[in-house]
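Take a look at the letters that make up each chain.
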Amino acid sequence: MGITAKRNKIRELRRQAILKAARKLFFEKGFKNVSVESIAKRANISKGAVYLHFKSKDEIYTHLLLNEVDRHQKIIQSIVDEKKTAFESIKNIALSYADFFLHDPELFRILMNYMLNPEHLELTEEMDRKLLIAVNKNIDAISELLKAGIEAGEFPRNINIFHNRNVIWGMINGIIALHLFTGPEEKRGGRIRNTIDEGVSIFLKGLKEF
């Protein structure tokens, strides 16, 4: 391995160590209670070394979100590729989205904080654009499935895809927000999945009769 390749490898390993340390700290303490200094300490590097890779805590936060949203987008694409009915696919995407955050609840808090208060993060225009595009990809999958459902005769042609997509997306996030941090932890997963399954099913059945 050449000197340049070796340096790049070391740089990438250090970058990943920073992201891994930050992810754990955000999960344990929440975004506001984590500092760049604490991330450096957890990653066993100097504070200055962190700034060689990221301009701010906000940028670290954004990279974590981008990584996770991209990972879930691949799950969504695999569901779409199964070529099931639009009804089934939308439900499966909703449940996979819930499972995504049941595995790491703090990610949901971070994502909602960005979506509700994007101005609170000190991001470059480019980083903000990338994150917005990544989040919208997940939402757009529902639009595409509604279109496919119309073409297949599952849903009537007069439905407003944009409005109904937003209703479905809002309902899923609302259910997760309502239950993810409340009640006995051992029952949260079942309660969230059952409520989403029933809620999305009722809505889509109603859409068929629209």
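Small disclaimer: the values here were computed from a predicted structure and weren't measured. What you see as residue numbers is a count from 1 along each chain, following the sequence as written. Two thresholds apply to this predicted model, a pLDDT of at least 70 for residue-level local features and 80 or more for giving and counting side-chain atom pairs, whereas whole-chain, interface and lining totals are computed over all residues. Just so you know, side-chain values use all the structure's heavy atoms and leave hydrogens and water out.

A. Examining the environment of Ile161 more closely. The secondary structure listing takes helices from DSSP runs of H or I that are at least 4 residues long and strands from runs of E that are at least 2 residues long, numbered from the N terminus. Its location among the elements puts Ile161 in helix H8 (residues 161–179). For the pair formed by Ile161 and Leu145, sequence separation is 16 residues and the distance between their alpha carbons is 9.6 Å. Residues are treated as being in contact if the distance between any of their heavy atoms lies within 4.5 Å. Apart from residues no more than four positions distant in its own chain, Ile161 is found in contact with Ser143, Leu146, Lys147 and Ile150.

B. Local environment of the packing of helix H4 (residues 57–81) against helix H6 (residues 105–116). Note on method: axes are straight lines fitted to C-alpha atoms, helices fitted across the in-contact stretch only, with angles between N-to-C directions ranging 0 to 180 degrees. Across the interface, H4 lies against H6 with an axial gap of 11 Å and an inter-helix angle of 110°. The orientation of H4 with respect to H6, classified from their angle, is roughly perpendicular. Across from Tyr61, Leu65 and Glu68 in H4, the residues of H6 making contact are Leu107, Ile110, Leu111, Asn113 and Tyr114. In the scheme used here, Gly and all other residues not listed as nonpolar or charged are polar, with Ala, Val, Leu, Ile, Met, Phe, Trp, Tyr, Cys and Pro taken as nonpolar and Asp, Glu, Lys and Arg as charged. Partitioned by chemical class, the residues of the contact of H4 with H6 number 6 nonpolar, 1 polar and 1 charged. Between 65 and 115 degrees an angle is taken as roughly perpendicular, under 35 as roughly parallel, over 145 as roughly antiparallel, and anywhere else as oblique.

C. Looking closely at the pattern of salt bridges. The term salt bridge refers to a side-chain nitrogen of Lys or Arg lying within 4 Å of a carboxyl oxygen of Asp or Glu. For the coordinates displayed, the defined rule picks out 11 salt bridges. One salt bridge connects Arg193 with Asp99, and the closest N-O pair in it is separated by 2.7 Å. Of this pair, Arg193 sits in helix H9 (residues 185–208) while Asp99 sits in helix H5 (residues 86–103); the two residues are 94 residues apart in sequence, bridging distant segments of the chain. Connected through shared salt-bridge partners, Arg23, Glu68 and Arg71 make up one network.

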